[in-house]
Amino acid sequence: MMESAEHEMLRSMGISVFPKSAPNEHPLSWPRVSASCDYLSAAQFEDLLRIDVHVAQIGNSSVTYRFKFTRDEVVVAEGSLTVVCCLLTPKGLSKTPIPAELRELFQKHL
Ligand SMILES: CC(C)(COP(=O)(O)OP(=O)(O)OC[C@H]1O[C@@H](n2cnc3c(N)ncnc32)[C@H](O)[C@@H]1OP(=O)(O)O)[C@@H](O)C(=O)NCCC(=O)NCCSC(=O)c1cc(O)c2ccccc2c1O
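Description of the structure in this document. Throughout this document, residue positions are counted from 1 along each chain, in the order its sequence is written. Given that the model is predicted, a residue must reach a pLDDT of at least 70 before its local features are reported, and side-chain atom pairs must reach 80 or more before they are shown or counted; all residues, however, enter totals for whole chains, interfaces and linings.

Moving on to the nonpolar core. Core membership is restricted to buried Ala, Val, Leu, Ile, Met, Phe, Trp, Tyr and Cys residues, and these are joined into a nonpolar core through C-beta atoms within 7 Å. Each residue is classed by its C-beta neighbour count within 10 Å, where at least 20 other C-beta atoms makes it buried, 12 or fewer makes it exposed, and intermediate counts make it partly exposed; the C-beta atoms are placed from backbone geometry. Met2, Val63, Tyr65, Phe67, Phe69, Leu81, Val83, Val84, Cys85 and Ile98 form the largest nonpolar core, which has 10 residues in total. Segments assigned H or I by DSSP are reported as helices when at least four residues long, segments assigned E as strands when at least two residues long, and all are numbered from the N terminus. Counting residues per element, the ones that place at least two in this core are β4 (62-71) and β5 (74-84). For this core, the leading source of residues is β4, giving 4 residues. Note on contacts: residues are paired as contacts if their backbone-placed C-beta atoms lie within 7 Å. Excluding anything up to four places from it in sequence, Met2 contacts Ala35, Phe67, Gly79 and Leu81.

Put into C-alpha cells, the structure is as follows:
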C-alpha cells in the first residue's frame, strides 16, 4: 500500500515511476532500500483507509517518505519508505544524484 501511495504521489507530481528513455540512455528508477510500518490500531477487511504521504527527507540520491494510514479519524498505521534515485544499467542499479528538476518537485512535498 505504501508503494501504491508513493506511485500515486509521483504521478501527481508528473514523475513517471519508470520513465521511457532514449535508446542510448539508462532509465531512471527508484528502488527501495528501507521500509517500515508501525501498526497502531486494528483495521479490518473492507475498511476504507486513507493514506497521507509526504516527503520527510531528501538526500543526495535518496528520498524518504512518511505515510499515515487513517480510518475515519483513527490513525491505523504509520510507515516510512526510503528510495534511491538509480540508473537502470545493463549491469544493474547504479545510484545517481537526484536531478535538480526532480529535487525541486520533491521539495514542494516536504
Ligand atoms: C540502491 C543501491 C544501488 C544503492 O547502492 P549504494 O551502495 O551505492 O548506495 P549507498 O549505500 O551509498 O546509499 C545510497 C543512498 O541511500 C541511502 N540508504 C542506503 N541504505 C539505506 C537504508 N537502509 N535506510 C535509509 N537510507 C539508506 C544512503 O544514505 C544514501 O543516501 P544519500 O541521499 O546520501 O545518497 C543498492 O543499495 C541496491 O541495489 N539496493 C537494492 C535495491 C533493491 O533491490 N530493493 C528491493 C526492492 S526492489 C525495488 O524496489 C526495485 C528494484 C529494481 O531493480 C527496479 C528496477 C526497475 C524498476 C523498479 C525497480 C524497483 O522498484
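Despite not being glycine, Glu46 shows a phi value in the positive range, around 75 degrees. Among the secondary structure elements, Glu46 is positioned in the loop between β2 (32-39) and β3 (50-58). With a phi close to 50 degrees, Asp72 is a non-glycine residue in the positive phi region. As for its position among the elements, Asp72 is in the loop between β4 and β5. Accessibility expressed as a C-beta count within 10 Å gives 9 for Asp72, which makes it exposed.

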